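Chain and residue survey
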Amino acid sequence: MKLRTDSLLAQFRFMSPECNIFESGSRHRVEELTWIVPVEPFPFKSPPMSIRAKGVAVPVSQYGSLQEMISASWDMELDWQLVPVVEGA
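Since we're looking at a predicted model, the values are computed, not measured.

1. Concerning the overall build of the protein
- A count of helical and extended segments in the protein gives two helices and five strands.
- Going from N to C terminus, the protein has its helices and strands arranged as α-β-β-β-β-α-β.
- Over its C-alpha trace the protein gives a radius of gyration of 17 Å, far above what one expects of a compact globule, namely 12 Å for 89 residues.
- Taken along the three principal axes of its C-alpha coordinates, the protein extends 45 × 35 × 20 Å.
- By the burial criterion, 17% of the 89 residues in the protein qualify as buried.
- In the protein, 56% of the contacts between residues at least 6 apart in sequence involve partners at least 24 apart.
- For the protein, the accessible area works out to roughly 6900 Å², and carbon and sulfur atoms hold 59% of it.

2. Comments concerning the pattern of salt bridges
- Applying the stated rule across the entire model yields six salt bridges.
- The closest approach of N and O atoms between glutamate 32 and arginine 52, which form a salt bridge, is 3.7 Å. Of the two residues, glutamate 32 is situated in strand S3 (residues 29-40) and arginine 52 in strand S4 (residues 49-57); the sequence distance between them amounts to 20 residues.
- By relative accessible area, which is 55% here, arginine 52 ends up exposed.

3. Examining unusual backbone geometry
- The omega torsion across glutamate 40 and proline 41 is -15°, close enough to zero to call that bond cis.
- Tracing the sequence through the fold places proline 41 in the loop between S3 and S4.

4. Some thoughts on the packing of aromatic side chains
- In the structure shown here, the tally under the stated rule is two aromatic pairs.
- For the ring pair phenylalanine 42 and phenylalanine 44, a centre distance of 5.5 Å and an interplane angle of 75° mean the geometry is edge-to-face.

5. With respect to the side chain of serine 24
- Secondary-structure assignment places serine 24 in strand S2 (residues 18-24).
- Setting aside residues no more than four positions away along its own chain, serine 24 makes contact with Arg29 and Glu31.

6. Overview of a nonpolar patch on the surface
- The grouping of Val56, Val58, Leu66, Met69 and Ile70 at the surface amounts to a nonpolar patch, some 430 Å² of accessible area in total.
- Look at methionine 69 and you get partly exposed, because its relative accessible area is 32%.

7. What to know about the side chain of aspartate 79
- Within the element layout of this structure, aspartate 79 appears in strand S5 (residues 74-84).
- Looking at aspartate 79, its side chain comes within polar contact range of the side chain of arginine 52, at 2.5 Å.
- Discounting residues that sit within four places of it in the chain, aspartate 79 has contacts with Glu32, Leu33, Thr34, Trp35, Ile51 and Arg52.

8. Structural notes on the pairing of S2
- Pairing analysis gives seven bridges linking S2 to S3, with the strands arranged antiparallel. From the neighbouring strand, isoleucine 21 faces S3, where its bridge partner is leucine 33.
- The antiparallel hairpin formed by S2 and S3 contains four residues in its connecting segment, where histidine 28 sits at a positive phi of about 50°.

9. Quick notes on the pairing of S5
- Where S3 and S5 come together, eight bridges link them in parallel fashion. Bridge pairing in S5 places threonine 34 opposite aspartate 79.
- Direction of pairing for S4 relative to S5: antiparallel, over a ladder of nine bridges. Following the sheet pairing, serine 50 is matched in S5 by glutamine 81.

What counts, and where the lines are drawn
Residues numbered from 1 in each chain as written. Predicted model: local features only at pLDDT ≥ 70, side-chain atom pairs only at ≥ 80, totals over all residues. Heavy atoms only, no water. Helix = DSSP H or I, 4+ residues; strand = E, 2+ residues; numbered from the N terminus. Rg over C-alpha atoms; globule rule 2.2 N^0.38 Å. Buried < 20%, exposed > 50% of the residue type's maximum accessible area, 1.4 Å probe, protein only. Contact = heavy atoms within 4.5 Å. Areas by Shrake-Rupley, 256 points an atom, 1.4 Å probe, with all protein chains shown as cover. Salt bridge = Lys/Arg side-chain N within 4 Å of Asp/Glu carboxyl O. Phe/Tyr/Trp six-rings, centres within 6.5 Å; stacked < 30°, edge-to-face > 60°. Patch = residues over 30% accessible without salt bridge, like charges linked within 9 Å, V, L, I, M, F, W, Y side chains within 5 Å. Polar contact = N/O pair within 3.5 Å; in protein donor to acceptor, adjacent residues only side chain to side chain. Pairing = 2+ DSSP bridges.

In short, the description is geometric, and any link to function would need to be established separately.
Right, dumping it as structure tokens:
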């Protein structure tokens, strides 16, 4: 499977992504991360190709137990948008 994936991905050039961080104003924590990734050649009929996943964020800290870590965590969204490369950008 890895060989097939590597072969497929080698056909495309993924440019440096732009990352947007969306923070909750009231709770001062990251609620969503979005990456915009230019791809050449663009393999889809119409841009952008959006991929969304739910995630869990946890502050970096020393936790005494799994329950303590779970209590400090919150749900968040991870988004990727694959877009065509804009010439001259």
